[in-house]
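Structural features, examined
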Amino acid sequence: MAVLFGTLGWRPQSLVPSIRSTESLERLVFYHSDHAKSRDARAKVMEFCRSLGVPATGVELSDAFDLFACAGQIREDVRRERASSPDLRFNIAGGTRLMSCAALLVCLLEGIPATYVHDETYREIPLPLLRISYGATLTPKEREVLEFLVKNRDKPFSETTLARALGVHKATMNHHLRGLEAAGAVERRRDPADARRLILQASPGMELLVG
Amino acid sequence: MPARTLIATVGFDERHVLPALRLLPYDRLVAVGGRDAFRAPAFRRLLSIEPDLQRFPVDPFDLQECMEAIERCVHVAQREGPVRISATGGTKILTMAAFLAAFQEGVEAWYCDGPPLRLPVLRGARLADAFPAAEAAIIVHLRKAMSLESLLAALTELGFARRTVMAAILSLGRKGLVQSSKRTGRDVVRPSPELASIRSHFAGRPGKA
C-alpha cells in the first residue's frame, strides 16, 4: 500500500495525475498555502479523493515561502508516515517554488521517489533522484561539531568555548571548523553583545542535513 | 587568478536575476534559460548590463535537460575557478533543476527572490564522491546489459578484485542502480534508468589507483 505526498498550488491538475496513477494508494497527504485559491484547490482535491474513496489530509503551511520551515515539517511528516508505510511517493509539482524545493530536498534526503507533472501536457515525469547522506561527506569529528552547533543554535559559542564544550584542544577545533566553513556548513559572525568577539553558528538549514 | 563564475537561471523578468548579481561577486556570468526568454526584452536589458554574459538555451519545462545543461556549465566553469548558482529566475522546473544540480555537484546555490536564501548545499560534496571507486567504475562502464563475467573481467582489468566488484554490484543493486537477472543460464547485469541519469557525474573519474 502506497502513501502519496504532494505539494499543491492553485491547480488541482498538478496533483490529480499522481492520485490516479499510484497503485494501491492508501492515503494522500498534501501541502498547500493559506492563499484563497490554494484553499479552493484543496477543496477540489479532497472532493476528488472522496469520490475515489481515498483518505486525504491537506496540510496548510504557515509560510509557503519559508524553505526550511516547509522542509522541516514535510520531513517530520514523512518520517512519521514511513514508520507504518514504507512505500512513499512524492509529487512536487504544485505550490510555490520554495514549497517544491523543500519537497525536493526531503525526497533527496529521505530517498523518496519523486515526480513532476508537466504544466501543459499533465504528463507525470519521474525525477532522477538518488538518496545520498550529504552529512556523510563530513568527517565524524566535523559532524559532531556541526550537530552540537545545530542543537545549540541559540547559544553563542566562540572557538574557545566550543573547544572547551567538546573537550578538544583549540587548535584541533580550529582544524575542524576550517573544514566546516569551507563546506559552508558553519559561519562566523560578530557577537551582537561584544563586537570584538566572533561567534560560530551552523548555517541555516544544516538541521536538515545532519538530522 | 581564478575566475569566479555565477550561473543564473533566467526567465522573462530580469528583476529575478539582478539581486543575485548584486549579492554574489563574479567574473563571468552564465545565463541558463528558455529560448523565448533569450529573445525577450528583459534579456536584452540584462545584456546591456552584462554584455559578455554567456547564454545556454534549454527547454525550461524539461527538468533532465535543464539539469544536464547546468551541470555541464558547472563542470566547465570549475576548471577556471569557484562557481555559484542563482536558482531564482525562469520556470519552477528550471529552479528545481538548478537546485538539484547544486546538490549533486556540491556548488553553493542561492535563491534571491525576497531576502537572499542560501540553499543548504555542502560545498564540494559531490554526488560522485559518495560512491566507492568500484561502484563508480561500474557506473561508468555499465552502459547496457552485459554478462556478469564480462563485467567482472572489465573491472578486474582496471585493478579491482573480483570480490570487491561483486560487493559493488550488490550495493548498486540495493540502491536501485543495477538489476541482475539470469538469461539463458547466464547471470546478466543491466543498468537501471536511474543509473543512466547519474552517469554524467562520474565522467572522467579515474579507476582504482
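Analysis parameters
- Within each chain, residue numbers correspond to sequence positions counted from 1 in written order.
- Naming scheme: in the order in which they are written, chains are lettered from A and ligands are numbered from 1.
- Predicted model: local features are reported for residues with pLDDT of at least 70 only, side-chain atom pairs are reported and counted for 80 or more only, and whole-chain, interface and lining totals are derived from all residues.
- In computing side-chain values, all of the structure's heavy atoms are included and hydrogens and water are not.
- A helix here means a DSSP run of H or I that spans at least four residues, while a strand means a run of E at least two residues long, and both kinds are numbered starting from the N terminus.
- Between buried and exposed lies partly exposed: a residue is buried under 20% and exposed over 50% of the maximum accessible area for its type, with that area taken using a 1.4 Å probe on protein chains only.
- Contacts are residue-level and defined by heavy atoms, with any inter-residue pair within 4.5 Å sufficient.
- Only the protein chains shown count as cover for residues, with accessible areas throughout obtained via the Shrake-Rupley method and a probe of 1.4 Å.
- His residues and chain termini do not enter the charge count, which takes Lys and Arg as positive and Asp and Glu as negative.
- By convention, the charge on Lys lies at NZ, on Arg at CZ, on Asp at CG and on Glu at CD.
- Buriedness of a pocket was judged along seven lines, with at least five required to meet protein on both sides within 12 Å; pockets are open sets of points on a 1 Å grid over the protein atoms alone, cavities are sets where a 1.4 Å probe fits but cannot get out, and lining residues have an atom within 4 Å of a point.
- Grid points are joined across faces, edges and corners, and a volume is the space filled by probe spheres set on the points.
- Residues were grouped as follows: Ala, Val, Leu, Ile, Met, Phe, Trp, Tyr, Cys and Pro as nonpolar; Asp, Glu, Lys and Arg as charged; and all remaining residues, including Gly, as polar.
- Note: domain ranges come from an automatic or database domain assignment.
- Polar contacts, as used here, are pairs of N or O atoms within 3.5 Å; protein pairs need one atom able to donate a hydrogen and one able to accept it. Residues neighboring in sequence count only if both atoms are side-chain atoms.
- Grouping buried Ala, Val, Leu, Ile, Met, Phe, Trp, Tyr and Cys residues that are joined through side-chain atoms within 4.5 Å yields what is termed a nonpolar core.
- For a helix, the expected span equals 1.5 Å multiplied by the residue count minus one.
- For helices, the fitted axis covers only the stretch in contact; all axes are lines through C-alpha atoms, and the angles between them, taken along N-to-C directions, range from 0 to 180 degrees.
- Each angle receives one of four descriptions, namely roughly parallel if under 35 degrees, roughly antiparallel if over 145, roughly perpendicular if within 65 to 115, and oblique otherwise.
- One bridge is not enough; two strands pair if DSSP finds at least two bridges between them.

Next up on the list: the overall build of chain B. A tally of regular secondary structure across chain B gives 9 helices and 9 strands. For chain B, the spread of C-alpha atoms along the principal axes amounts to about 65 × 35 × 25 Å. Taking all 209 residues of chain B together, 53% fall into the buried category. When contacts within chain B are restricted to residue pairs at least 6 apart in sequence, those whose partners lie at least 24 apart make up 60%. Of the roughly 9,700 Å² of accessible surface on chain B, a fraction of 54% belongs to carbon and sulfur atoms. A gap of 5 Å separates the mean positions of the 29 positive and 21 negative side-chain charges of chain B.

Another aspect to go through is the layout of surface pockets. As a volume, the largest pocket reaches approximately 600 Å³. Mapped onto the lining of the largest pocket, the elements with two or more residues apiece are α1 (16-21), β4 (87-91), β5 (114-117) and β6 (124-126) of chain A together with α9 (193-198) of chain B. Per element, the largest residue contribution to the lining of the largest pocket is 4 residues, and it comes from α9(B). Looking at the lining of the largest pocket residue by residue, the class counts come to 14 nonpolar, 8 polar and 6 charged.

What the domain assignment reports for chain B is domain 1 (5-118) and domain 2 (130-202). Taken over C-alpha atoms, the centre of domain 1 of chain B sits 34 Å from the centre of domain 2 of chain B.

We now examine empty space enclosed by the protein. Space left empty within the atom packing is revealed by a probe, the size of a water molecule, rolled over the atoms. Residue and element names in this part refer to chain B. Counted by the stated rule, this structure contains 1 cavity of 30 Å³ or more. Roughly 40 Å³ of volume is contained in the largest cavity. If you go around the largest cavity, the residues you meet are Val10, Gly11, Asp13, Glu14, Val17, Ala42, Phe43 and Leu46. Broken down by element, the lining of the largest cavity gets its largest block of residues, 3 residues, from helix α3 (residues 41-49). Its residues assigned to classes, the lining of the largest cavity shows 5 nonpolar, 1 polar and 2 charged.

Right, let's talk about the side chain of A:Thr7 for a bit. All names here are of chain A. Of note, threonine 7 is situated in strand β1 (residues 2-7). On the basis of relative accessible area, threonine 7 is assigned to the buried category, the value being 0%. A distance of 3.4 Å separates a polar side-chain atom of threonine 7 from the backbone oxygen of isoleucine 92. Once residues within four sequence positions are removed from consideration, threonine 7 is found in contact with Ser14, Tyr31, Phe90, Asn91, Ile92, Ala93, Gly94, Gly95, Met99, Ser100 and Ala103.

The biggest cluster of nonpolar side chains holds 89 residues, and the ones touching the most others in it are A:Phe90, A:Ile92, A:Leu146 and A:Leu162. A total of 11 residues in this core trace back to one element, the largest contributor, which is helix α4 (residues 97-110) of chain A. Non-local contacts of A:Ile92, meaning those with residues more than four positions away in its chain, are made with A:Thr7, A:Ser100, A:Ala103, A:Leu104, A:Cys107, A:Ala114, A:Thr115, A:Tyr116, A:Leu127 and B:Met96. Grouped together as the second largest cluster of nonpolar side chains are 27 residues, B:Phe131, B:Ala137, B:Leu152 and B:Phe160 included.

Bringing α4(A) into the picture now. Residues and elements named next belong to chain A. Under the 1.5 Å per step criterion, the end-to-end length of α4 is 20 Å for 14 residues, consistent within 8% with the ideal 20 Å. Buried residues dominate α4, accounting for 13 of its 14 residues. A positive phi of about 65° marks glycine 111, the residue just after α4.

Moving on to the packing of helix α6 (residues 133-141) of chain B against helix α8 (residues 162-174) of chain B. Residue and element names in this part refer to chain B. Axis separation between α6 and α8 bottoms out at 9 Å; the angle between their running directions is 70°. As judged from the angle between their axes, α6 and α8 are roughly perpendicular. Here Ala134, Glu135, Ile138 and Ile139 of α6 lie close against α8, whose contacting residues are Thr164, Val165, Ala168, Ile169, Ser171 and Leu172.

Residues other than glycine seldom take positive phi values, yet A:Ser24 does so here, at roughly 50°. With respect to the helices and strands, A:Ser24 occurs in the loop between α1 and β2 (25-32). A:Ser24 gets classed as partly exposed once you look at its relative accessible area, which sits at 47%. Positioned with a positive phi, B:Thr184 is a non-glycine residue whose angle comes to about 45°. You can see B:Thr184 is positioned in the loop between β8 (178-183) and β9 (186-191).

Paired through backbone hydrogen bonds, the strands of a sheet run either parallel or antiparallel to each other. Residues and elements named next belong to chain B. Spatial ordering of the open sheet is given by β7-β9-β8, a layout of 3 strands whose pairing is antiparallel. Looking along the sheet, the strands with just one partner apiece sit at the ends: β7 (146-147) and β8. Bridge count for β7 against β9 is 2 bridges, and the pairing is antiparallel. The residue bridging methionine 146 from the neighbouring strand is valine 189, located in β9.

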